[in-house]
Amino acid sequence: MGTAMDFRGRHVLITGASSGLGLEMARELAQRHGANLVLVARRKDRLEALREELEGKHRVQVGVIAADMTRDEDVGRVVEEATRGRELYGAILNAGVTFFGHALDLTEAELDGLLRTNIASTTRLANAFARYLIEKKNGGGVMLVSSVAGVSPLPYQAVYAASKAFLNSYGRALAEELRGSGVSISTFVPGGIDTEMMQKSGITSSSSSLAGFLMPADRCARLAIEGFRRREVFFVPGPLYKLTALVSRIAPQGIVTRQAGNIYRGSLPKRG
Ligand SMILES: NC(=O)c1ccc[n+]([C@@H]2O[C@H](COP(=O)([O-])OP(=O)(O)OC[C@H]3O[C@@H](n4cnc5c(N)ncnc54)[C@H](OP(=O)(O)O)[C@@H]3O)[C@@H](O)[C@H]2O)c1
C-alpha cells in the first residue's frame, strides 16, 4: 500500500498494554503520534494508571478494557467494546506469554493458556479487526507482535517458538491475501527485549550473556510503531536481531536448533 499510516487523532487498540512492549507502544503512540488509545490486558489497575498518565500528559482519549485472552467470551467482548462509540484505525495484537523449560514440564493449563493467548486470540482478533477495517475503508491496519524465536525451532522455548512461527506464517499470508484491500497487515518480529516476560521466565538470570543483548522496551516500541506506520509487512528491529533472523532462516535448521539447545541447556530451571 502506498501511503503511510497517520495515527494523529485516530483510535488504536493495543493488547498486552499493561507492561513491557505494549505499554511502551502506547506511550510512543500518544506522545509522538497524538493517537487515541484502547488499552487491553487483565491487570486493570495498571491500564487505569497508564490511562491517567497518557490523558494527563498528551491530551489524548484513552479507553480501557480488562480482558483475559485465554477466555473466548473476553476475546469477543474486546471486539465489541473496542468498536462501540468510536472508529478504530489500528489494532496491535501484542499480548503474549512464554515458557522456559522442558516442553514436557508444561502443565495442561499452561499449554492451553499459551496457545490461546499467543495463537487463538491473536488470530481471532486479527481476522475480526481486518474485516472491520475493510468495511470502514479508513486506510487502517493491524500489527501482530511475533518474535525472532519463531524464525527457527527453539529448544526449551519450544511451544512459545512454535506459536510465534504460526504468527510469522499467518501474518505474511494474510497480508498477501489483503493486498489491495486498503488494510495493511504487519508482522513485527523482535528479538530479546528487556521486559517482565524476560524477568519472569528466568532466561536472563540463568543466561547472563543474553541479558547484555536485550533491547530496551522503549527503543523497541519506537521501531515497532515506525514499521507499523510505514506498513512494513514483516520486519525485525535493530541490526543484531536482523542478523539473528537472517542466520536462523538460511542456516541448516538442524545446526541452528542444536546450537540454540546448547545455549539454553546448561541454564535450565531444575526439573521437579
Ligand atoms: N520480551 C522479549 O524478549 C520478547 C521478544 C520477542 C517478542 N516478544 C513479544 O512481545 C509481546 C509483549 O511481550 P513483553 O516482552 O512486553 O512481555 P510482558 O511485559 O510480560 O507483557 C505481556 C503483556 O501481555 C499481557 N497478557 C499476557 N497474558 C494475557 C492474557 N491471558 N490476557 C490478556 N493479556 C495478557 C500482559 O498483561 P496482563 O498480565 O495484565 O494480562 C502484558 O500486558 C509478546 O507477544 C511477546 O511474545 C517479547
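As a reminder, the structure under discussion sits directly above these lines.
Below you will find a few notes about this structure. (Residues numbered from 1 in each chain as written. Predicted model: local features only at pLDDT ≥ 70, side-chain atom pairs only at ≥ 80, totals over all residues. Heavy atoms only, no water.)

What follows is about the overall build of the protein. Looking only at helices and strands, the protein has 11 helices and 9 strands in total. Over its C-alpha trace the protein gives a radius of gyration of 18 Å, about what one expects of a compact globule, namely 19 Å for 272 residues. Reported as C-alpha extents along the three principal axes, the dimensions of the protein are approximately 50 × 40 × 35 Å. Counting over 272 residues, the protein shows a buried share of 52%. Here the analysis covers contacts within the protein between residues at least 6 apart in sequence; of these, 72% occur between residues at least 24 apart. Total accessible area on the protein stands at roughly 12,900 Å², and carbon and sulfur atoms take up 52% of it. Positive and negative side-chain charges of the protein, numbering 35 and 27 respectively, have mean locations separated by a distance of 5 Å. (Helix = DSSP H or I, 4+ residues; strand = E, 2+ residues; numbered from the N terminus. Rg over C-alpha atoms; globule rule 2.2 N^0.38 Å. Buried < 20%, exposed > 50% of the residue type's maximum accessible area, 1.4 Å probe, protein only. Contact = heavy atoms within 4.5 Å. Areas by Shrake-Rupley, 256 points an atom, 1.4 Å probe, with all protein chains shown as cover. Lys, Arg positive; Asp, Glu negative; His and termini not counted. Charge placed at Lys NZ, Arg CZ, Asp CG, Glu CD.)

The next thing to look at is the site of the ligand. Taken together, 31 residues are adjacent to the ligand, and Ser19, Arg42, Met69, Tyr160 and Thr195 come closest. The contact in question runs from an oxygen atom of the ligand to an N or O atom on the backbone of leucine 21, over 2.8 Å. Within the side chain of arginine 42, an N or O atom sits 2.7 Å from an oxygen atom of the ligand. Put simply, the parts of the chain that give the shell around the ligand at least two residues each are α1 (20-33), α5 (158-177) and α6 (196-201). (Near = heavy atom within 4 Å. Polar contact = N/O pair within 3.5 Å; in protein donor to acceptor, adjacent residues only side chain to side chain.)

Quick look at the nonpolar core now. Residues Phe7, Met25, Leu29, Leu37 and Ile92 are the most contacted members of the largest nonpolar core, which totals 35 residues. The set of elements that each furnish at least two residues to this core consists of β1 (11-15), α1, β2 (36-41), α2 (44-58), β3 (62-66), β4 (88-93), β5 (141-145) and α9 (217-229). Not counting residues up to four positions away in its chain, the partners in contact with leucine 37 are Val12, Ile14, Ala26, Leu29, Ala30, Leu54, Gln61, Val62 and Gly63. In this structure, Val75, Ala95, Leu125 and Ala126 belong to the second largest nonpolar core, which totals 26 residues. (Core = buried A, V, L, I, M, F, W, Y, C linked by side-chain atoms within 4.5 Å.)

A surface patch of nonpolar side chains, amounting to about 380 Å² of accessible area, comprises Leu243, Leu246, Val247 and Ile250. Looking at the element boundaries, isoleucine 250 is found in helix α10 (residues 239-250). (Patch = residues over 30% accessible without salt bridge, like charges linked within 9 Å, V, L, I, M, F, W, Y side chains within 5 Å. Salt bridge = Lys/Arg side-chain N within 4 Å of Asp/Glu carboxyl O.)

This next bit is on the packing of α1 against α9. As a packed pair, α1 and α9 sit with axes 8 Å apart at the nearest point and diverge in direction by 60°. Comparing the axis directions of α1 and α9 gives the class oblique. Considering only the axes of α1 and α9, their crossing is right-handed. In this structure, α1 contributes Gly20, Leu21, Glu24, Met25, Glu28, Leu29, Arg32 and His33 to the contact, and α9 contributes Ala217, Asp218, Cys220, Ala221, Arg222, Ala224, Ile225 and Arg229. For the contact of α1 with α9, a count of residues per class yields 8 nonpolar, 2 polar and 6 charged. (Axes fitted to C-alpha atoms, helices over the stretch in contact; angles between N-to-C directions. Parallel < 35°, antiparallel > 145°, perpendicular 65-115°, else oblique. Left-handed = near helix turned anticlockwise from the far one by under 90°. Nonpolar A, V, L, I, M, F, W, Y, C, P; charged D, E, K, R; others polar.)

So, about unusual backbone geometry. Glycine aside, the phi torsion of most residues is negative, and most peptide linkages are trans. In the Ramachandran plot, lysine 137 falls in the positive-phi region, its phi being about 55° despite a non-glycine side chain. Turning to its location among the elements, lysine 137 is positioned in the loop between α4 (108-136) and β5. At arginine 231, a residue that is not glycine, the phi angle is positive and equals roughly 60°. By the secondary structure assignment, arginine 231 is in the loop between α9 and β9 (234-235). You can call arginine 231 buried: its relative accessible area is 9%.

For strand β6 (residues 184-188), the buried fraction is high: 5 of the 5 residues fall into the buried class. Burial of β6 is two-sided: the residues Ser184, Ser186 and Phe188 facing one way and the residues Ile185 and Thr187 facing the other way are all buried. Considered for its hand, the β-α-β crossover made up of β5, α5 and β6 is right-handed. As paired strands, β6 and β9 are joined by 2 bridges and run parallel to one another. Bridge pairing links phenylalanine 188 to phenylalanine 235 in β9. (Right-handed = clockwise from strand over helix to strand, strands pointing away. Pairing = 2+ DSSP bridges.)

Our focus in this paragraph is the environment of alanine 251. Structurally, alanine 251 is set in the loop between α10 and α11 (253-265). In this structure the C-alpha to C-alpha distance between alanine 251 and lysine 136, which are 115 residues apart in sequence, comes to 43 Å.

Turning our eyes to something else, we now look at the sheet that holds β1. One open sheet accounts for 7 strands, arranged β3-β2-β1-β4-β5-β6-β9; its pairing is parallel. In this open sheet, the two edge strands, each paired with only one partner strand, are β3 and β9. Summarising the sheet, β1 and β2 pair through 5 bridges and their orientation is parallel. Residue pairing for β2: threonine 15 is matched across the bridge by valine 40. Running over the sheet, α2 touches β2 and β3 and is turned about 175° from β3. Those strands touched by α4 are β1, β4, β5 and β6, and its axis lies near 165° from that of β4.

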